[in-house]
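Residue strings, one per chain:
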Amino acid sequence: MRFYFLLALFSIGISSVHAQTPKSYSGADILQELKKLEVFGSVLYIAAHPDDENTRLLAYLANEKKYRTGYLSLTRGDGGQNLIGDDQGIDLGLIRTQELLAARRIDGAQQFFTRAYDFGFSKNPEEALRIWGHDKILADVVWVIRNFKPDVIITRFPTTGEGGHGHHTASAILAGEAFEAAADPTKFPEQLSKVSVWTTKRLLWNTFNFGTTNTQREDQFKLDVGVYNALLGKSYGEIAAESRSQHKSQGFGVPAQRGSALEYFSAIKGDKPIAELLEGIDPTFSRQGFSSAATQASYQQQVKNIITTYDPATPQNSLNKLTALYRELQAQGGPQSKLADLDKLIAACSGIFMEVTAQNQLNVIGDSMKLQLNFNNRSGVPVSSAAVNVFGQQFSFNGVQPNVSSTQTVSIYIPKDARVAQPYWLVNPFNGGYYDVPDQSMIGRPEIYPYNAEFDVTIDGLVHHFTRPVQYKYTDPVKGELYEPMQLVNPVFVNSSPSFILFSNNKKQQGTLHYTLQSNLPFNEKASLNMIYDHAKKNVFDSTISFARGEKKTFDVKVESGLFPNDSTSYIGAELTVPSFGAPQYNSLNKISYDHIPNLFYNYYDRARVVKMDLTVKGSLAGYIAGAGDKVPDALQQMGYKVVMLTEADINAANLKQFDVIITGVRAYNIHAWLSTAYPVLMDYVKNGGILLTQYNTNNSIGPVKAKISPYPFTISRNRVTDETAKVNFLLPKHPALNYPNKITAKDFDGWIQERSIYNAENVDPAYERILSMKDPGETDQDGSLIIANYGKGRFVYTGLVFFRELPAGVPGAYRLFANLIAR
């Protein structure tokens, strides 16, 4: 039997199928969508990150003006901060992708991305375009434009820097260049075998009034986007608040707004609109995607008739007219976007419920999986037959009756050579500034859900094709019926811990790697587990071993420091060979789970990083007050500290006196109001000889400081140094922070990632000593990244240095400096 995945092969302009509770359409919802059939305008909004978009404008354009509306975010927000957990980098990008898709489901726009990686805050567009690869990302923007075919492009930011972030300015620069390039057949001609050139009418900048920066003027084109939509039962300010509040990892929950709200636009390229955003757009059949003027006229007349005769109480009565229109467009040649809209409307009007759900969320290659097939003709339309094709097998629903559920449970074997799914941008190794996506057709898509079922339903003599995702469905006693993505997995998960081992130079030390094997299939046969490092192998076992399904077994392997040279970084992985499984098993499965997004999965090679460095530690017991989420406690343990996580109940003098140091996690003072009452206890701890190190906090409307932090005053600025290679000046070269117990040199700032410091201190009390200064190119030195004050017998440290990034990344100099800051 041939096994294959049914991919959702949609146009780039159509959102991919993803796991979520199936959307239901009321009669009013259907009428809103029918009215969109009359409109052919399209607008593409371009910015740099998730949460940059103007959700109120998107909601207005998509629902009031009924334009095809898209948002192109150059990045997935991988380098942002995270207010809900410790996920960073690729993991955070996955989360923010889903938050954007949730926002688009609310405001009605479509979502696109380029391959650009969000590497963190950038102060100028030149840096962003150099790291991303200017031509590569420009090609992506051109590709999206040539696919989506917008009449108007709108940027969130200008090219002149008022957006305040290099990525923001770069997004505007690329939008302007792509506006021209998309219409030029000599630019990226390799794309033209799949798309054609496209000329956009005008490029506008959506000007703004942010804080002290007001770029709006009364002579600019204006739209009132605060109007009320009776069919949706909400104004666009209310819809926008729901949409924007999906950016939960960024703490962007906002209140609903009601009433008139003007948006302003400055013309960048093309003519300035006077009365309408899309005025002057060519209405001829060829630009709108019709094969002829006659087909265009017929389409317009039929749509008008469908809307006029539509009854919200009986949407199924419009089914025949919608089907006839679909067939005619398909035969005569019509716009693909309208065919997709009609397909969705036919499914909604039919009232038919169709789904395929898996009994288990994780299903194992080389095993069988149980699926439940469900079909219900809820509205009683004349269905004569129904069938579903899933994973290469066809199943029929016999004797379909009106409003009677037809359910089958089937078992399907998953061959050993089947491949597990992976987010498409993570299939190939990451290139630092961008994701490597060789398949041109995938570029721009937010995601591609890999497991789909194809339903063929004959209604009134005509066969209709509907695609539905194969999902995992279960019932939670509190939350009710829930849907999550279904995932195929490898026969074995190979996990190692810890993920990081630290050795000191010239010391005989021993670490322990714990290899945990989880067999997702039972087996009893000879198997071999090998530890792999520096292109060599060390056998852990080579013997007959037995596993029950789902059983986990852990094997401890001693790792000697003498295997690794001084001042080195190495990686240790493992692979398990089981003859009956075929290929060696070495991957683990990462699951990201939050209530507001679907479960996210990706496979990865779980390797331990081994860093050998010159490091001396003075201290053994650390208390840690967790903030918004970081992995510094794991680094402390590798340094040799016993780490105790502290909560509000633990903050008392008798308990704190045992600790060599107390460290507050990133943003701790932004999220814990109880630190206000803990302040006097913490200050007494310092006064009596303790060390209190506070990592960065923000001080703005999104993350205000909720408690007093320090014994002497300073303020938290938005200043940062984003160049991770910036020269670091030692202002007090004899200070203990730079000498005890490790001698810090310029070399200790080599190999830092993403940035040097964020949210540095300013307006600093004279009691503090400023240890370092640094700057980004073209700027003046900043000296607030590390301030230290003695207080009583102890000391207080505030630092904006990004230890929360550097320590998990195994940067040796960051460990050496951190060890000094917390040394007794």
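Keep in mind it's a predicted model, so treat the numbers as computed, not measured. (Residues numbered from 1 in each chain as written. Predicted model: local features only at pLDDT ≥ 70, side-chain atom pairs only at ≥ 80, totals over all residues. Heavy atoms only, no water.)

Student: Can you lay out the pairing of strand β35 (residues 691-694) for me, pointing to particular residues and giving the numbers?
Tutor: Here β35 shows two buried faces, one formed by I691 and L693 and the other by L692 and T694. Sheet topology places strand β34 (residues 661-664) next to β35; three bridges connect them, and they run parallel. Counterpart to I662 in the pairing with β35 is L692. The pairing of β35 with strand β42 (residues 794-799) spans four bridges and is parallel. Counterpart to L693 in the pairing with β42 is V797. (Buried < 20%, exposed > 50% of the residue type's maximum accessible area, 1.4 Å probe, protein only. Helix = DSSP H or I, 4+ residues; strand = E, 2+ residues; numbered from the N terminus. Pairing = 2+ DSSP bridges.)

Student: Please give an account of the sheet that holds strand β39 (residues 769-770) that cites residues and values.
Tutor: Pairing in this open sheet of seven strands is mixed, and the strands run β33-β32-β34-β35-β42-β41-β39 from one edge to the other. Of all strands in the sheet, those with a lone pairing partner are β33 (642-645) and β39, marking the two edges. Across the face of the sheet, helix α15 (residues 675-687) comes into contact with β32 (621-625), β34, β35, β41 (786-791) and β42 while running at roughly 135 degrees to β35. (Contact = heavy atoms within 4.5 Å. Axes fitted to C-alpha atoms, helices over the stretch in contact; angles between N-to-C directions.)

Student: Describe the sheet that holds strand β24 (residues 510-519), listing the residues and the values that go with them.
Tutor: Taken in spatial order, the three strands line up as β22-β24-β27 in an open sheet, and their pairing is antiparallel. The open sheet terminates on both sides in strands that have one partner only, identified here as β22 (492-497) and β27 (552-560). When the angles between neighbouring strand axes are averaged without regard to direction, this sheet yields 20 degrees. Bridge analysis of β24 against β27 gives nine bridges, and the strand direction is antiparallel. The residue of β27 that forms the bridge with T512 is K558.

Student: Can you tell me about helix α6 (residues 166-181), naming the residues and giving the values?
Tutor: Taking 1.5 Å per residue as the helical rise, α6 with its 16 residues ought to reach 22 Å, and the 22 Å between its terminal C-alpha atoms agrees with that figure. Within α6, 13 of the 16 residues are buried, which leaves it mostly tucked inside the rest of the structure. (Expected span 1.5 Å × (residues − 1).)

Student: So what's going on with the environment of A761? Which residues, and what values?
Tutor: In this structure, A761 sits in strand β38 (residues 761-762). Separated by 306 residues in the primary sequence, A761 and F455 place their C-alpha atoms 61 Å from one another. Sequence-distant contacts of A761, defined by excluding residues within four places in its chain, comprise F714, T715, G784, I787 and Y798.

Student: Residues and numbers for the side chain of S528, please.
Tutor: Take S528: it is sitting in strand β25 (residues 523-533). Within the structure, S528 has its side chain in polar contact with the side chain of N539 (distance 3.3 Å). Setting aside its immediate chain neighbours within four residues, S528 contacts N539, F541, D542, E575, L576 and T577. (Polar contact = N/O pair within 3.5 Å; in protein donor to acceptor, adjacent residues only side chain to side chain.)

Student: How would you explain the packing of helix α1 (residues 27-36) against helix α11 (residues 336-350) if you had to name every residue and give the values?
Tutor: Across the interface, α1 lies against α11 with an axial gap of 10 Å and an inter-helix angle of 160 degrees. Viewed along their axes, α1 and α11 adopt a mutual orientation that is roughly antiparallel. Considering how the two elements wind past one another, α1 and α11 form a crossing that is left-handed. Of α11, the residues touching α1 (which contributes I30, E33, L34 and K36) are K338, K344, L345, A348 and C349. When the residues that make up the contact of α1 with α11 are grouped by side-chain class, the tally is five nonpolar, no polar and four charged. (Parallel < 35°, antiparallel > 145°, perpendicular 65-115°, else oblique. Left-handed = near helix turned anticlockwise from the far one by under 90°. Nonpolar A, V, L, I, M, F, W, Y, C, P; charged D, E, K, R; others polar.)

Student: So what about the packing of α1 against helix α9 (residues 293-309)? Which residues, and what values?
Tutor: Contact geometry for α1 and α9: axes closest at 10 Å, N-to-C directions at 160 degrees. The angle between α1 and α9 falls in the class roughly antiparallel. Judged by the twist between their axes, the crossing of α1 over α9 is left-handed. Residues L31, L34 and K35 of α1 lie in contact with α9, whose contacting residues are V303, I306 and I307. Residues of the contact of α1 with α9, tallied by class, amount to five nonpolar, no polar and one charged.

Student: Provide a residue-level description of unusual backbone geometry, including the pertinent values.
Tutor: Following S497, the chain continues into P498 via a peptide bond in cis, with omega recorded as 0 degrees. Its location among the elements puts P498 in the loop between β22 and β23 (500-504). P741 follows Y740 through a cis peptide bond whose omega is -5 degrees. Summarising the element assignment, P741 is placed in the loop between β37 (729-730) and β38. The phi torsion at N506 lies on the positive side, around 60 degrees, for a residue other than glycine.

Student: Give a description of helix α7 (residues 236-244) that names residues and reports values.
Tutor: Among the nine residues of α7, seven are classified as buried, and the element is accordingly described as predominantly covered. Of all the positions in α7, only Y236, G237, E238, I239, A240, A241 and S243 are classed as buried. Taken together, the buried residues of α7 touch α2 (55-64), α3 (90-107), β9 (228-229) and β10 (234-235).

Student: Can you lay out the packing of aromatic side chains for me, pointing to particular residues and giving the numbers?
Tutor: Using the criterion set out here, one finds 39 aromatic pairs in the structure. An angle of 70 degrees between the planes, with centres 6.2 Å apart, marks the rings of F391 and Y451 as edge-to-face. With F391 in the loop between β15 (383-390) and β16 (393-397) and Y451 in the loop between β17 (406-413) and β18 (452-459), this residue pair connects regions lying 60 residues apart in the sequence. Residue F391 is classed as buried on the basis of its relative accessible area, which comes to 0%. Through a chain of ring-to-ring contacts, the aromatic side chains of Y712, F714, Y768, Y791, F796 and Y798 assemble into a single cluster. The side chain of R76 reaches across the aromatic face of W425, ending 3.5 Å from its centre. (Phe/Tyr/Trp six-rings, centres within 6.5 Å; stacked < 30°, edge-to-face > 60°. Lys NZ or Arg CZ within 6 Å of the ring centre and 35° of its normal.)

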